[in-house]
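# Close look at the chain arrangement
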Amino acid sequence: MSHNLLSGKRGIIFGALDENSIAWRTAERVFEEGGRFVLTNAPIAMRMGQINELAKKTNSEIIPADATSEEDLENLVTKSMEILGGKIDFVLHSIGMSVNVRKGRAYTDEKYDFTTKGWDVSALSFHKVMQTLYNADAMNEWGSIVALTYMAAQRTFPDYNDMADNKAYLESVARSFGYFFGKEKKVRVNTISQSPTPTTAGQGVKGFSGFIAYAEKMSPLGNATADDCANYTVSMFSDLTRKVTMQNLFHDGGFSMTGVSQEIIDQFG
Ligand SMILES: NC(=O)c1ccc[n+]([C@@H]2O[C@H](COP(=O)([O-])OP(=O)(O)OC[C@H]3O[C@@H](n4cnc5c(N)ncnc54)[C@H](O)[C@@H]3O)[C@@H](O)[C@H]2O)c1
């Protein structure tokens, strides 16, 4: 169902890898709501080729960019404005990767080269994206920038490993840059803290299936799906949320505010 919430708006969507990706689902919803955008992902992710399918479906062009490369980001922002015919109204940062997690290193046995790489990809890249947009004066007034995060930034989930620290940094960057983007350009910056979601990145977390089942039982409304997240992101890109900025917005069916649920208590009865 479309309400034309994003009619006339132009954007950049990072991180659609396959149809499970939160960015993929968001791109589909944004398209339904009348938004036009450029899709981007790391050159290595392009080789899998699936993003072409999404581009076709949404009449969008793809510009490869490694989100850790300032040069790639400058090229992305310049070309996106050319392709879309003007400044940008919305940006989705949907990027995460921990080399320590990938290589099976425990949090107490980090290899710091891996830590640094994961932080650059997952957290500092958000600053790089925003600094590129800011310096190019690429955002329209009342534009909206969203990054995706997870509650391990506030509470400990042992298997989330160094991604917890990356998410804490990401959320802090949203607040800090949100101040300058708000003051100077009337652009809002927020993070959406999403439920566990079965995607490539999500399933990389050790014990993910137990974890997502636990979250489902703990959340009064149940876990938020990728499609739910897409809907929420559309609302954050729309003009209906103009004064929401510098927030970390929990989108988790109530998980973050639930101490314990009856279903979990029953398991110990
Ligand atoms: N899946 C979950 O359980 C969950 C929960 C909360 C938050 N998130 C967050 O949602 C976001 C999207 O992840 P997802 O779950 O859709 O998984 P995904 O694996 O589909 O998406 C991650 C994306 O990051 C991209 N990426 C990796 N390195 C990159 C680089 N150097 N430059 C540009 N892009 C790069 C990948 O190619 C991929 O498209 C991430 O920030 C993730 O941490 C996911």
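Details of the structure are given in the entry above.
Throughout what follows, the structure given in this document is the object of discussion. What you are looking at is a predicted structure, and each value in this text was computed from that prediction instead of being measured. (Residues numbered from 1 in each chain as written. Predicted model: local features only at pLDDT ≥ 70, side-chain atom pairs only at ≥ 80, totals over all residues. Heavy atoms only, no water.)

Moving on: the pairing of strand 5 (residues 139-149). Counting buried positions along strand 5 yields eight of eleven residues, so the element is predominantly enclosed. The pairing of strand 4 (residues 88-93) with strand 5 spans five bridges and is classified as parallel. Counterpart to Ile88 in the pairing with strand 5 is Met139. Bridging between strand 5 and strand 6 (residues 188-194) involves six bridges; their strand directions are parallel. Each bridged residue has a counterpart across the sheet, and for Val146 the counterpart in strand 6 is Asn190. Considered for its hand, the β-α-β crossover made up of strand 5, helix 7 (residues 163-185) and strand 6 is right-handed. (Buried < 20%, exposed > 50% of the residue type's maximum accessible area, 1.4 Å probe, protein only. Helix = DSSP H or I, 4+ residues; strand = E, 2+ residues; numbered from the N terminus. Pairing = 2+ DSSP bridges. Right-handed = clockwise from strand over helix to strand, strands pointing away.)

With respect to the helices, strands and loops of the structure, Asn166 is situated in helix 7. Owing to a relative accessible area of 3%, Asn166 belongs among the buried residues under this scheme. In sequence terms Asn166 and Gly118 are 48 residues apart; their C-alpha atoms lie 7.7 Å from each other. Each residue touching Asn166, except ones within four places of it in the same chain, is listed here: Gly118, Trp119, Ser122 and Ala123. (Contact = heavy atoms within 4.5 Å.)

Now for the site of the ligand. Surveying the vicinity of the ligand reveals 27 residues, the closest of which are Ser21, Asn41, Lys167, Thr197 and Thr199. Within the backbone of Ala201, a nitrogen or oxygen atom sits 3.0 Å from an oxygen atom of the ligand. Ranked by residue count, the leading element in the shell around the ligand is helix 8 (residues 200-203), at three residues. (Near = heavy atom within 4 Å. Polar contact = N/O pair within 3.5 Å; in protein donor to acceptor, adjacent residues only side chain to side chain.)

One non-glycine residue, Asp137, adopts positive backbone phi at about 45 degrees. Residue position: Asp137 is located in the loop between helix 6 (112-135) and strand 5. A positive phi angle, near 55 degrees, is found at Lys186, a position not held by glycine. On the basis of relative accessibility, which here comes to 38%, the residue Lys186 falls in the partly exposed class.

On to the pattern of salt bridges. This model, assessed by the stated rule, comprises eleven salt bridges. Asp227 serves as the salt-bridge partner of Arg25, at 3.0 Å between the closest nitrogen and oxygen. With Arg25 in helix 1 (residues 22-32) and Asp227 in helix 10 (residues 226-237), this residue pair connects regions lying 202 residues apart in the sequence. Taking relative accessible area as the criterion, Arg25 reaches 23% and is therefore assigned partly exposed. The salt bridge involving Asp120 is made with Lys128; its shortest N-O contact spans 2.9 Å. Residue classification places Asp120 among the buried residues on the basis of a relative accessible area of 17%. The exposure class assigned to Lys128 is buried, which follows from its relative accessible area of 15%. (Salt bridge = Lys/Arg side-chain N within 4 Å of Asp/Glu carboxyl O.)

Once that is clear, we can look at the side chain of Ser94. Here Ser94 is to be found in the loop between strand 4 and helix 5 (99-102). The exposure class of Ser94 is buried, given its relative accessible area of 16%. The contact partners of Ser94, leaving out residues within four places of it in the chain, are Phe14, Gly15, Ile22, Ala23 and Leu148.

This next bit is on the sheet that holds strand 7 (residues 248-251). Here we have seven strands laid out as an open sheet, ordered 3-2-1-4-5-6-7, and parallel in their pairing. A single partner strand is all that each edge strand has here, and the edge strands are strand 3 (61-62) and strand 7. Against the sheet, helix 4 (residues 70-84) contacts strand 1 (10-14), strand 2 (36-40), strand 3 and strand 4, and its axis sits at roughly 150 degrees relative to strand 2. Docked against the sheet, helix 10 engages strand 4, strand 5, strand 6 and strand 7, running at close to 165 degrees with respect to strand 6. (Axes fitted to C-alpha atoms, helices over the stretch in contact; angles between N-to-C directions.)

Here we take up the nonpolar core. In this structure, Phe14, Phe126, Leu133, Ile145 and Phe181 are the most contacted members of the largest nonpolar core, which totals 33 residues. For this core, the secondary-structure elements that each account for two or more residues are strand 1, helix 4, strand 4, helix 6, strand 5 and helix 7. The leading source of residues in this core is helix 6, at seven residues. Not counting chain neighbours up to four residues away, the residues in contact with Phe14 comprise Ala23, Thr40, Ala67, Leu73, Leu76, Val91, Leu92, His93, Ser94, Ile95 and Val129. The next biggest cluster of nonpolar side chains, apart from the first, holds 25 residues, and it includes Ile13, Leu148, Met236 and Leu249. (Core = buried A, V, L, I, M, F, W, Y, C linked by side-chain atoms within 4.5 Å.)

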